[in-house]
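Listed below are the residues making up each chain.
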Amino acid sequence: MRLLVVEDEVKLANLLRRGLEEEGYAIDTAADGGEALWLAQENPYDAVVLDVMLPDVDGFEVCRRLRASGRWAPVLMLTARDSVPDRVEGLDAGADDYLTKPFSFAELLARLRALMRRGAPERPATLGVGDLTVDPAGRRVARGDVTIELTPKEFALLEYFARHPGEVLSRSRLIEHVWDFAYDGDSNVVDVYVRYLREKVDRPFGRESIETVRGAGYRLREDDGSPN
Ligand code: CA
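**Remarks on the packing of helix H6 (residues 152–163) against helix H7 (residues 171–178)**
Part 1 of the argument: Interaxial distance between H6 and H7 falls to 10 Å at its minimum, and their mutual angle equals 120 degrees. If you check the angle between H6 and H7, you find them oblique. In terms of crossing hand, the pair formed by H6 and H7 is right-handed. Where H6 abuts H7, its residues Lys153, Ala156, Leu157, Tyr160 and Phe161 lie against Arg173, Leu174, His177 and Val178.
Part 2 of the argument: Taken together, the residues that form the contact of H6 with H7 break down as six nonpolar, one polar and two charged.

This is the structure in structure tokens:
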């Protein structure tokens, strides 16, 4: 899941980035409204954390312009004032939820998860592919009844696969959603992490659920992944 964090206070922006990355999200940050609009129109974010008070275009206006240009990623607004007019303006501008500063990181996480679920209402809170279950809220993975331990990055990669079962996902799409905008390393990183995942979710169970599609990328099979 790839998120855009829009916040001009450097300390808070860094704190959010670090915390969210630890949770396995890929994070881009923007320090003003103009940059936020540019990034959000160039990249398919899964959610946007948007501060209201920004140095140039304020958060309300950023949100309005995103919606006007057909960008529907869930927006969580951060407001310093818990005033009714602010909330109303935020919701009118097309925000999905708001959080009043100061907030706890745990609450921010919970709101984001709820928004991303709501953003894809046809999908259940727990993702199931074959006998593989991926629980984004609890950050749990299991094959049948067997719990599988994954690192945050492995989890993020598997979650993205599980949200797109049966689809061929290119390396660049996976990097875009699971790593971040600033990532300019080798796309081999995807191959490396797919190998790690196979070692944990497939090999111990005699499955081959994560397929290599030559010249195209990878696909998580929709069935139970038994060898063909
Ligand atoms: Ca601010």
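**Structural notes on the coordination of the calcium ion**
Part 1 of the argument: Protein coordination at the calcium ion comes from Glu7 (OE), Asp8 (OD), Asp51 (OD) and Met53 (O), with a distance range of 2.0 to 2.9 Å.
Part 2 of the argument: When the donors of the calcium ion are listed by position in the chain, the intervening gaps give E-D-x42-D-x1-M. Here Asp8 is found in the loop between strand S1 (2–6) and helix H1 (10–22), whereas its partner Met53 is found in the loop between strand S3 (47–51) and helix H3 (59–68), with 45 residues between them in sequence.
Part 3 of the argument: Taking the relative accessible area as the measure of exposure, Met53 reaches 48% and is therefore partly exposed.

**Overview of the sheet that holds S1**
Part 1 of the argument: Taking strand neighbours across the sheet as the criterion, the five strands line up as S2-S1-S3-S4-S5 in an open arrangement whose pairing is parallel. With partners counted over all chains shown, the strands left at the sheet margins are strand S2 (26–30) and strand S5 (97–100), one partner each. Adjacent strand axes in the sheet meet at a mean angle of 20 degrees, parallel and antiparallel pairs treated alike.
Part 2 of the argument: Along the sheet face, helix H2 (residues 33–42) touches S1 and S2 and points at about 140 degrees away from the line of S2.

**Let's talk about the side chain of Glu7**
Part 1 of the argument: Mapped onto the secondary structure, Glu7 falls in the loop between S1 and H1.
Part 2 of the argument: What makes Glu7 buried here is its relative accessible area of 3%.
Part 3 of the argument: Within polar-contact distance, the side chain of Glu7 engages the side chain of Lys101 at 2.8 Å.
Part 4 of the argument: If we skip the residues at most four places from it in the chain, Glu7 touches Leu12, Ala13, Ala30, Ala31, Asp51, Leu54, Leu78 and Lys101.

**Things to note about the sheet that holds strand S11 (residues 210–213)**
Part 1 of the argument: Reading across from one edge, S10-S12-S11 is the order of the three strands in this open sheet, with antiparallel pairing throughout. Both outer strands of the open sheet, strand S10 (168–169) and S11, are each paired with one neighbouring strand and no more.
Part 2 of the argument: Against the sheet, H6 engages S10, S11 and strand S12 (217–220), with an angle of about 70 degrees to S12.

**Thoughts on the packing of aromatic side chains**
Part 1 of the argument: On inspection of all chains with the given rule, the structure shows two aromatic pairs.
Part 2 of the argument: Measuring from ring centre to ring centre gives 5.5 Å for Trp179 and Tyr193, while their planes differ by 70 degrees; the resulting arrangement is edge-to-face. Here Tyr193 lies in helix H8 (residues 188–202) and Trp179 lies in the loop between H7 and H8, a separation of 14 residues in the sequence.
Part 3 of the argument: We classify Trp179 as buried; its relative accessible area is 7%.
Part 4 of the argument: Taken together, Trp179, Tyr193 and Tyr196 form an aromatic cluster joined through their ring pairs.

**Some remarks on the environment of Leu16**
Part 1 of the argument: Structurally, the position occupied by Leu16 is in helix H1.
Part 2 of the argument: Contact partners of Leu16, with chain neighbours within four places excluded, come to Val5, Leu78, Phe103, Phe105 and Leu108.

**Re the pattern of salt bridges**
Part 1 of the argument: The tally for this structure, following the rule as stated, stands at 22 salt bridges.
Part 2 of the argument: Among the ionic pairs, Arg17 bridges to Glu21, the shortest N-O distance being 3.0 Å. In this pair, Arg17 and Glu21 are both assigned in helix H1, four residues apart and thus about one turn of the helix distant.
Part 3 of the argument: The partner of Arg173 in a salt bridge is Glu167, and the shortest N-O contact between them spans 3.2 Å.
Part 4 of the argument: You can call Arg173 partly exposed: its relative accessible area is 26%.
Part 5 of the argument: Judged by relative accessible area, Glu167 falls into the partly exposed class, the value being 33%.
Part 6 of the argument: Taken together, the shared-partner salt bridges in this structure form one network comprising Glu7, Glu9, Asp51 and Lys101.

Parameters and conventions
Each chain carries its own residue numbering, running from 1 in the direction its sequence is written. With the structure being a predicted model, the display of local features is reserved for residues of pLDDT at least 70 and the display and counting of side-chain atom pairs for 80 or more, all residues being used for whole-chain, interface and lining totals. The basis for the side-chain values is all heavy atoms of the structure; hydrogens and waters are excluded. Fitting a line to C-alpha atoms yields each axis, with helices limited to the stretch in contact; the angle taken between N-to-C directions then spans 0 to 180 degrees. Here a strand is any run of E in DSSP of at least two residues, a helix any run of H or I of at least four, and the numbering for each starts at the N terminus. Orientation labels follow simple angle bins: below 35 degrees gives roughly parallel, above 145 gives roughly antiparallel, 65 to 115 gives roughly perpendicular, and whatever is left gives oblique. In this scheme, a crossing is called left-handed if the near helix is turned counterclockwise away from the far one by less than a right angle; it is called right-handed if the turn is clockwise. Two residues qualify as a contact provided that any one of their heavy atoms is within 4.5 Å of a heavy atom in the partner residue. Side-chain classes are defined by residue name, with Ala, Val, Leu, Ile, Met, Phe, Trp, Tyr, Cys and Pro counting as nonpolar, Asp, Glu, Lys and Arg as charged, and the others, Gly among them, as polar. Water is not among the atoms examined, so metal sites may look incomplete; donors are the N, O and S atoms within 2.8 Å of the metal, or within 3.2 Å for Na, K and Ca. Here's how the labels work: a residue is buried when its accessible area is under 20% of the maximum for its type, exposed when over 50%, partly exposed in between, all with a 1.4 Å probe on protein chains only. Here a strand pair is declared whenever DSSP counts at least two bridges between the two strands. Each polar contact in these results corresponds to two N or O atoms within 3.5 Å; when the atoms are within protein, one needs to be able to donate a hydrogen and the other to accept it, and residues that are neighboring in sequence are counted only if both atoms are side-chain atoms. Centres within 6.5 Å are what make two rings of Phe, Tyr or Trp a pair, Trp counting through its six-membered ring; a difference in plane orientation under 30 degrees is then read as stacked, over 60 as edge-to-face, and the rest as tilted. The salt bridge criterion pairs a side-chain nitrogen of Lys or Arg with a carboxyl oxygen of Asp or Glu, the two atoms within 4 Å.

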